[in-house]
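Here are the chains, one letter per residue:
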2 protein chains.
Amino acid sequence: MATIRDVAKHAGVSVATVSRVINETGYVHEDTRKKVETAIKELHYTPNEVARSLYKRKSRLIGLLLPDIANPFFPELARGVEDEMQENDFRIIFGNSDEKSSKEQEYIQTFVQNNVVGMIASTNDPDTHAYRKLNIPVVFLDRTMDNRPSVYSDGYEGGRLAAQEIAARGSRNIAVIQGPERVRPAMDRFRGAAETLKDLDIAFQVIQSSSFGIAEAGVWAKEVFRKVPDTDGVIASNDIVAAAVLHEALRLGKKVPEDVQIIGFDDIPLSSLLTPPLTTIRQPAYEMGRAAARLLIQLIEKEALDNHTIQMPVTFTERDTTRKAEKND
Amino acid sequence: MATIRDVAKHAGVSVATVSRVINETGYVHEDTRKKVETAIKELHYTPNEVARSLYKRKSRLIGLLLPDIANPFFPELARGVEDEMQENDFRIIFGNSDEKSSKEQEYIQTFVQNNVVGMIASTNDPDTHAYRKLNIPVVFLDRTMDNRPSVYSDGYEGGRLAAQEIAARGSRNIAVIQGPERVRPAMDRFRGAAETLKDLDIAFQVIQSSSFGIAEAGVWAKEVFRKVPDTDGVIASNDIVAAAVLHEALRLGKKVPEDVQIIGFDDIPLSSLLTPPLTTIRQPAYEMGRAAARLLIQLIEKEALDNHTIQMPVTFTERDTTRKAEKND
DNA sequence: CCTCATTGTGGAACCGGTTACACATTTAAA
DNA sequence: TTTAAATGTGTAACCGGTTCCACAATGAGG
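All values reported here derive from a predicted model rather than from experimental measurement.

## Points about the sheet that holds strand 7 (residues 203–208) of chain A
Residues and elements named next belong to chain A.
Move 1: Within the open sheet, the six strands sit side by side as 7-6-8-9-10-12. Their pairing is mixed. In this open sheet, the two edge strands, each paired with only one partner strand, are strand 7 and strand 12 (315–317). Neighbouring strand axes in the sheet, compared pairwise and without regard to direction, differ in orientation by 20 degrees on average.
Move 2: Across three bridges, the pairing between strand 8 (residues 233–235) and strand 9 (residues 261–266) is parallel. By the bridge assignment, Val 234 is partnered in strand 9 with Ile 262.
Move 3: Across the sheet, helix 8 (residues 155–168) touches strand 6 (173–178), strand 8, strand 9, strand 10 (279–282) and strand 12, and the angle it forms with strand 9 is around 165 degrees.

Following this line, the structure appears as structure tokens:
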């Protein structure tokens, strides 16, 4: 690998001049620049980012920390982040936390050790010391904490919507699956749904699910029909669980949506490929990723910013696991 | 952030000694070591990986290049790579290539600029100059090229299995969906299936699909039943397309597997949640990721290695989009 | 008691960039 | 024509580690 000194020698100039050409800073005579540029081409020179990063004390790397890329909600987020970052010449160091704070700490540390300029994290505890003490900007994604830069969607509103729509379509004995307690958006959704159903005076029962994973989804699904065998409407904690519920319902010979309606959360890509296609509360995951990346870039480049928290809309995405609403208007 | 010089001063020793303590190299007196260790603790010192990487000309970073993390097959791979790397204290710089060689080049370049010690890539053209000229080890994942370190599964055998099993279960008018031409494993699968059906003397028709994406999957599915309306068996190019075919078949009022059998490829996590659950040719994606990471680590740490290419088994995973085979044994 | 290997430590060069500063030359203004 | 500003370039320090080498002290063997 050629170094800047090789280029300097080859072009008959000093390293400072080469640096000026590369970075387009300071004065460089047109002729000199040409010489340097040909030298760069001839030697196939590309600057060593590590050396650059050492002196500047900042790199073009950002850290991305997600709970689990294998959970279908996150790849979309990650892709959004990656696309936006890629377009702005930032690269991503990526890690899975499994929602474990030990792994989280470990990654945060190595991010810092690698001079990342910023970080995007989907964590349950944005308020922890580990984040507070960082002197690089951090954007919280999907999970949020007031007053910290974040991009998320309104879980409470999502829960409210789900409850309202499933009720409007006639379910009167609803099973609400509550996601993991430590996961903020899951709790918000649950609260939104539960409070709305209470307000509407509609009976519902709660099924606890302690994870979002595909592996256990089937368990929660069975649990639903064990605890509430005659349910006519299920609000699942996310689309994976909803898919499992749908699967279990059909297996039990129930008709969907005639006997039982099902609403999920997230709108993961495969939801529309289910049979029947899943009605869900959509979060614009890809756009959230992009927005988080944009926000982080702004924080990196400028200092202050008026709006640090971006709430993305959730939308009721009607497909075929719910009945058609009676139109009253 | 404290530096090694701060620690040295605080402990009353030289930076060389601190470095020896950190790296457990050379001679350090027990008492001195204690002093240094307390200084490190008191200052919350962690070594700057960038400085380290600059001098050593290698980091603890590896590059991971995948076509598209949003395609459900890849998160599992990525997770396998990440887990193995994480356990061995390597971090991952991650990029999506979208199968575009321009993006690929760009990432390879920045990986090198960041002193990565190795690279895992899922690319259509492992033989390209861009990879050949690298002086860091590269492991090719999912896609392969003879004689280059790689981890992949036997697409041809997968195709053969799919054809054999769907035939054994009675399909006689088969539609084979052919994946993108430039994607090696897709072509292998297709060849395996086509040649086997030919050998068995079973009629089949080919449907071209030029992508693996979720967005277009529905199009290929419709195409299948437009071109071969009376098909009684579909071998899809992957599980996403298979899911779309299943969806379309049910939409058209066909019974699965009674009227039409469907076999996918990959066994992505959601395949088992479909209704009916999808019969598929399984690739152990997570394990492939881990194996690739292990192989790369070996290449990084040792020099030579007897077995550079690892072929993972594909398995016929029988679920309910195929009929039960008549047992003859 | 002398010699030499082992142990212990520090100084300084080095990795490959960036940039402050000094200095020279050209251009423009007075 | 003089002077100041603008332009152009090189030297060397610096970023924060690692490691080579020199040197001192200690311990073992003869």
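Next, the rest of the story.
## Structural notes on the interface of chain B and chain A
Move 1: Taken together, the contacts link 51 residues of chain B with 51 residues of chain A.
Move 2: Counting the surface lost from both chain B and chain A, the interface buries some 4600 Å², and carbon and sulfur atoms represent 61% of this.
Move 3: Our enumeration of links across chain B and chain A arrives at six salt bridges.
Move 4: Here chain B and chain A share 22 residue pairs in polar contact (both at pLDDT 80 or more) between them.
Move 5: Listing elements by their share of the side of chain B that touches chain A, those giving two or more residues are helix 4 (49–56), helix 5 (73–87), strand 2 (91–96), helix 6 (101–113) and helix 11 (239–251) of chain B.

## Thoughts on the protein's contact with DNA strand D
Move 1: By nearness alone, 28 residues border DNA strand D, and Arg 20, Tyr 27 and Thr 32 of chain A together with Ile 4 and Arg 5 of chain B come closest of all.
Move 2: In DNA strand D, atoms within 4 Å of the protein come 59% from sugar and phosphate.
Move 3: Arg 5 of chain B places a polar side-chain atom, nitrogen or oxygen, 2.6 Å from a base nitrogen of DNA strand D.
Move 4: The contact in question runs from a phosphate oxygen of DNA strand D to an N or O atom on the side chain of Ser 19 of chain B, over 2.7 Å.
Move 5: Within the residue set of the surface near DNA strand D, elements represented by two or more residues are helix 2 (15–23) and helix 4 (49–56) of chain A together with helix 1 (4–11), helix 2 (15–23) and helix 4 of chain B.
Move 6: The class makeup of the residues in the surface near DNA strand D is 13 nonpolar, nine polar and six charged.

## Concerning the nonpolar core
Move 1: Judged by nonpolar contacts, the single largest core of 114 residues is most densely connected at Met 85 and Ile 120 of chain A together with Met 85 and Ile 120 of chain B.
Move 2: Counting 30 residues, the second-largest nonpolar core is a separate cluster that includes Leu 65, Phe 111 and Val 116 of chain A together with Ala 130 of chain B.

## Considerations on helix 12 (residues 285–301) of chain B
Residues and elements named next belong to chain B.
Move 1: An ideal rise of 1.5 Å per residue puts 24 Å on 17 residues; helix 12 measures up with 24 Å between its terminal C-alpha atoms.
Move 2: Most of helix 12 sits out of view: 12 of its 17 residues are buried.
Move 3: The complete set of buried residues in helix 12 reads Ala 285, Met 288, Gly 289, Arg 290, Ala 291, Ala 292, Ala 293, Leu 295, Leu 296, Ile 297, Leu 299 and Ile 300.
Move 4: Contact partners of the buried residues in helix 12: strand 1 (61–66), helix 5, strand 3 (118–121), strand 4 (138–141), strand 5 (150–153) and strand 11 (309–312).

## A few points about the protein's contact with DNA strand C
Move 1: Taken together, 28 residues are adjacent to DNA strand C, and Ile 4 and Arg 5 of chain A together with Arg 20, Tyr 27 and Thr 32 of chain B come closest.
Move 2: Of all DNA strand C atoms lying within 4 Å of any protein atom, the proportion belonging to sugar or phosphate reaches 61%.
Move 3: Ser 19 of chain A is positioned with one of its side-chain polar atoms (N or O) 2.7 Å from a phosphate oxygen of DNA strand C.
Move 4: A distance of 2.7 Å separates a phosphate oxygen of DNA strand C from a polar side-chain atom of Thr 17 of chain B.
Move 5: Where the surface near DNA strand C is concerned, the elements lending two or more residues are helix 1 (4–11), helix 2 and helix 4 of chain A together with helix 2 and helix 4 of chain B.
Move 6: By residue class, the composition of the surface near DNA strand C is 13 nonpolar, nine polar and six charged.

## Considerations on the layout of surface pockets
Move 1: A volume near 2000 Å³ is recorded for the largest pocket.
Move 2: Lining the largest pocket are 50 residues, and of these Gln 113 of chain A together with Thr 46, Pro 47, Asn 48 and Glu 49 of chain B sit closest to its centre.
Move 3: Put simply, the parts of the chain that give the lining of the largest pocket at least two residues each are helix 6 (101–113), helix 7 (129–132) and helix 12 (285–301) of chain A together with helix 1, helix 2, helix 4 and helix 12 of chain B.
Move 4: Tallying contributions element by element places helix 4 of chain B first for the lining of the largest pocket, with six residues.
Move 5: Classifying every residue of the lining of the largest pocket gives 24 nonpolar, 15 polar and 11 charged.

Parameters and conventions
- Residues numbered from 1 in each chain as written.
- Chains lettered and ligands numbered in written order.
- Predicted model: local features only at pLDDT ≥ 70, side-chain atom pairs only at ≥ 80, totals over all residues.
- Heavy atoms only, no water.
- Pairing = 2+ DSSP bridges.
- Helix = DSSP H or I, 4+ residues; strand = E, 2+ residues; numbered from the N terminus.
- Axes fitted to C-alpha atoms, helices over the stretch in contact; angles between N-to-C directions.
- Contact = heavy atoms within 4.5 Å.
- Buried area = accessible area lost by both parts, 1.4 Å probe.
- Salt bridge = Lys/Arg side-chain N within 4 Å of Asp/Glu carboxyl O.
- Polar contact = N/O pair within 3.5 Å; in protein donor to acceptor, adjacent residues only side chain to side chain.
- Near = heavy atom within 4 Å.
- Nonpolar A, V, L, I, M, F, W, Y, C, P; charged D, E, K, R; others polar.
- Core = buried A, V, L, I, M, F, W, Y, C linked by side-chain atoms within 4.5 Å.
- Buried < 20%, exposed > 50% of the residue type's maximum accessible area, 1.4 Å probe, protein only.
- Expected span 1.5 Å × (residues − 1).
- 1 Å grid on protein atoms, 1.4 Å probe; cavity = no way out; pocket = protein on both sides within 12 Å on 5 of 7 lines; lining within 4 Å.
- Points joined across faces, edges and corners; volume = space filled by probe spheres on them.

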